[in-house]
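Descriptive analysis of the structure
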Amino acid sequence: MSNFGTRNQDDIKNMIVCIAEKPSVAKDIARILGATTSKQGYMEGNGYQVTWTFGHLCTLKEPDDYTSMWKRWTLSALPMIPDRFGIKLIDDEGIRKQFEVIKTLMGNASMIINCGDAGQEGELIQRWVMQKAMAKCPVKRLWISSMTDEAIQEGFRNLYDQDKYQPLYLAGLSRAIGDWILGMNATRLYTLKYGQNRQVLSIGRVQTPTLALIVNRQKEIENFVPEQYWILSTIYRDTLFNATQGKFTTKEEGERFFETIRDKEFEITDVQKKNGTEAPPSLYDLTSLQVDCNKKYGMSAEQTLNIIQGLYEKKLTTYPRVDTTFLSDDIYPKCPATLRGLRGYENLTTPLLSSPLKKSKKVFDSSKVTDHHAIIPTGQPAQYLTDMEKHVYDLIARRFIAAFYPDCKFATTTVMGKAGDVDFKATGKTILDKGWRTVFEDNSMAQEKEQDVMPPFVKGEKGPHSPTLTEKWTTPPKYYTEATLLRAMETAGKFVEDEQLRAALKENGIGRPSSRAGIIETLFKRHYIRRERKNLVATPTGIQLIDTIKEELLKSCELTGIWEKKLRDIEKRQYDAAQFVDELKKQITDIVNDVLADTEVKHVDVGSDEKETKKKRTTKNTNKKTSADDIVGKPCPLCATGTIIKGKTAYGCSRWKEGCTYRVPFADHGK
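Now for a description of the structure that goes with this document. (Residues numbered from 1 in each chain as written. Predicted model: local features only at pLDDT ≥ 70, side-chain atom pairs only at ≥ 80, totals over all residues. Heavy atoms only, no water.)

The subject of this paragraph is the pairing of strand E20 (residues 650–653). Of the two faces of E20, the one holding Ala650 and Gly652 and the one holding Tyr651 and Cys653 are both buried throughout. With 3 bridges connecting them, strand E19 (residues 644–646) and E20 associate as antiparallel partners. Counterpart to isoleucine 645 in the pairing with E20 is glycine 652. As paired strands, E20 and strand E21 (residues 663–665) are joined by 3 bridges and run antiparallel to one another. Following the sheet pairing, glycine 652 is matched in E21 by arginine 663. (Buried < 20%, exposed > 50% of the residue type's maximum accessible area, 1.4 Å probe, protein only. Helix = DSSP H or I, 4+ residues; strand = E, 2+ residues; numbered from the N terminus. Pairing = 2+ DSSP bridges.)

The next thing to look at is empty space enclosed by the protein. Tallied over the entire structure, the rule returns 3 cavities of 30 Å³ or more. Approximately 60 Å³ is the volume attributed to the largest cavity. Lining the largest cavity are Val25, Ile29, Cys115, Gly116, Asp117, Ala118, Leu142, Ile144, Met147 and Tyr312. Residue composition of the lining of the largest cavity, by class: 8 nonpolar, 1 polar and 1 charged. There is about 40 Å³ of room inside the second largest cavity. For the second largest cavity, the full set of lining residues is Asp285, Leu286, Thr287, Val322, Asp323, Glu490, Lys506, Pro513, Arg516 and Arg568. Only helix H9 (286–297) and helix H16 (513–525) provide two or more residues apiece to the lining of the second largest cavity. (1 Å grid on protein atoms, 1.4 Å probe; cavity = no way out; pocket = protein on both sides within 12 Å on 5 of 7 lines; lining within 4 Å. Points joined across faces, edges and corners; volume = space filled by probe spheres on them. Nonpolar A, V, L, I, M, F, W, Y, C, P; charged D, E, K, R; others polar.)

On to the packing of helix H1 (residues 23–33) against helix H5 (residues 149–157), then. Between H1 and H5, the least distance of the axes is 10 Å, while the angle of their chain directions is 70 degrees. By the criterion of interaxial angle, the relationship of H1 to H5 is roughly perpendicular. As H1 packs across H5, the resulting crossing turns out to be right-handed. Across from Asp28, Ile29, Arg31, Ile32 and Leu33 in H1, the residues of H5 making contact are Asp149, Ile152, Gln153 and Phe156. Grouping the constituent residues of the contact of H1 with H5 by class yields 5 nonpolar, 1 polar and 3 charged. (Axes fitted to C-alpha atoms, helices over the stretch in contact; angles between N-to-C directions. Parallel < 35°, antiparallel > 145°, perpendicular 65-115°, else oblique. Left-handed = near helix turned anticlockwise from the far one by under 90°. Contact = heavy atoms within 4.5 Å.)

With antiparallel pairing, the 7 strands of this open sheet are ordered in space as E15-E12-E13-E14-E11-E10-E16. The open sheet terminates on both sides in strands that have one partner only, identified here as strand E15 (462–463) and strand E16 (466–473). Looking at chain direction, strand E12 (residues 266–278) and strand E13 (residues 408–419) are connected through 12 bridges and run antiparallel. The residue bridging asparagine 275 from the neighbouring strand is alanine 411, located in E13. Together, strand E10 (228–236), strand E11 (239–248), E13, strand E14 (422–433) and E16 form the strand contacts of helix H8 (residues 251–261), whose direction differs from that of E16 by roughly 170 degrees.

Attention now moves to the side chain of glutamate 551. Among the secondary structure elements, glutamate 551 is positioned in the loop between helix H17 (540–548) and helix H18 (552–555). Judged by relative accessible area, glutamate 551 falls into the buried class, the value being 13%. Not counting residues up to four positions away in its chain, the partners in contact with glutamate 551 are Tyr190, Ile591, Asp594 and Val595.

Taken as a whole, the second largest pocket spans an internal volume of roughly 420 Å³. Considering the residues around the second largest pocket, the lining is formed by 18 residues, among which Arg84, Phe85, Gly86, Leu173 and Ile177 are closest to the centre. Breaking the lining of the second largest pocket down by element, the ones donating at least two residues are helix H4 (120–132), helix H6 (166–194) and helix H20 (577–596). Within the lining of the second largest pocket, the residues separate by chemical class into 11 nonpolar, 3 polar and 4 charged.

This part is about the sheet that holds E19. The strand order across the open sheet formed by 3 strands is E19-E20-E21, and the pairing between neighbours is antiparallel. Every other strand in the sheet has two partners, leaving E19 and E21 as the edge strands with one partner each. Adjacent strand axes in the sheet meet at a mean angle of 25 degrees when their direction is disregarded.

Counting through the fold element by element, threonine 378 comes out in the loop between helix H12 (346–353) and helix H13 (387–402). The exposure class of threonine 378 is buried, given its relative accessible area of 16%. Spatially, the C-alpha atoms of threonine 378 and glycine 341 are 8.0 Å apart, while their sequence positions differ by 37 residues. Other than its neighbours up to four places away in sequence, threonine 378 contacts Ser146, Thr148, Lys315, Leu316, Thr317, Thr318 and Thr338. Of the polar contacts made by the side chain of threonine 378, one reaches the backbone oxygen of lysine 315; its length is 2.5 Å. (Polar contact = N/O pair within 3.5 Å; in protein donor to acceptor, adjacent residues only side chain to side chain.)

As structure tokens, then:
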């Protein structure tokens, strides 16, 4: 109560309490509501009190919060499955202080308005805070897709009952509990069984299958044996024709065919022209935006997420954590105003605004939109942006503008030819009407290289040609980049170029669009992967970890994708949350039993990267005193809670009184 001084408690009763996910959002909401008086931890005025969290204030309880038996890491305690999961405040003084403000406000409120981010994670964050504060009053939900003043005002005019978003909360809660069950148990299981008490082996429901993708691709590359082949082609009238027989596996076979056509004339046997159209590219969801930013600007998935979140909070773009590329039909009437607001794009938007905008089912389809639509600009003037922000905003703005342009029209020409008894083929593509491609003409990064225009050919014409037999080698698959890894996560490990098929596979993707960047960063922090230029490369520790895991359940993208599908179905009221958790409980029990029954001697070595290991050895040799004490103060590798301290004869864990058994004699340190 100290936060409220000596104020009469009646003054703070019967207020409507709004709670946002961060202070900057709360201040925007407070300004619009007229709550302009600053207090400690909230804003007040006009019958409202607007407060905030700092993202997560609460978390699921740790194992030792349930029972002292789970303090020590022991195989006999596994699996750890609480009868009922509970939450607690995160241990931080600032969080405790802000929570006390929130708890007092909610205790006196006549109504609470949940203004958290309009998504699964935002719902979970605020629900946990309200539960911890034991709020009893009615709760309404603010649900908006952009932070413009108009969107906030409209959102407050159309508040929803909290019950509408109960399935969203249950899906978020199931996800958190599922990650706890698998992560806590599997991490302790593998650390104790295979980590040699020297390294925590982190296992995660999404993290481990993602690592398996990288490791398996790396093994494909390392085990790849290139094969030699030959291609027969010829040049006729400055156009390259390739033999339709494909590649020859031996040079002798290729040379035999080469000799049969060397002195023969080349004859055109067929010419076909076919006109086609190409629709504008789909609007952005979060994953496709991260993919393009990585390809074009080398930005990591996390960088892109942070930038687009910032643009959203600056009111320049709509809600970013989305997995749809469609707009709902009610957005269509607002699009002309949005286009008019795009500064610097007038040469592209003015031609569109002279007549009614095109409304395509490939863009506007309410049946493809659940809680949020695709990422688009809001139409607010974009000013004072960093270079990276400009790049991201420009991609979004041009995609949105292009959606209203006509299809690109092109002609594809297929020409068949013959020399001796060998058939040849050449194709060419000619752009007839650029249509939406006009939007990207002054953005060279977005331009695709057009094929050379072919000269006109006539069936029956003949002439000299220049045949060649070219030696080639098969090439290994490419390392994952963040762009290709995001696509693989989106489609449960299946490489798919076709947009429609990729959209269908999204249902079984691993992780959520908003969490994939964090998963990749976790793999870096755990030293399971590293970057080599744009490539993602598994470290020796990452490879050993995947090799050690025999349970397909833990590292299969398809199985993890099935879990993700069930979580989405919980959101749609098509699957029971309790059943999802019960299934995971059974699965972790089976995994524990299988690992405990494993009699094969194996372990994962300490050291995440050969380069890092070499560097540490060099440091040890050049400075023995520094090396001797270099682990003091670092997290305990056994319990991951305590820190390393120095005793009389050995290094140990600061939680040794609570049962942690980590101990390394001075003589053994560094071996």
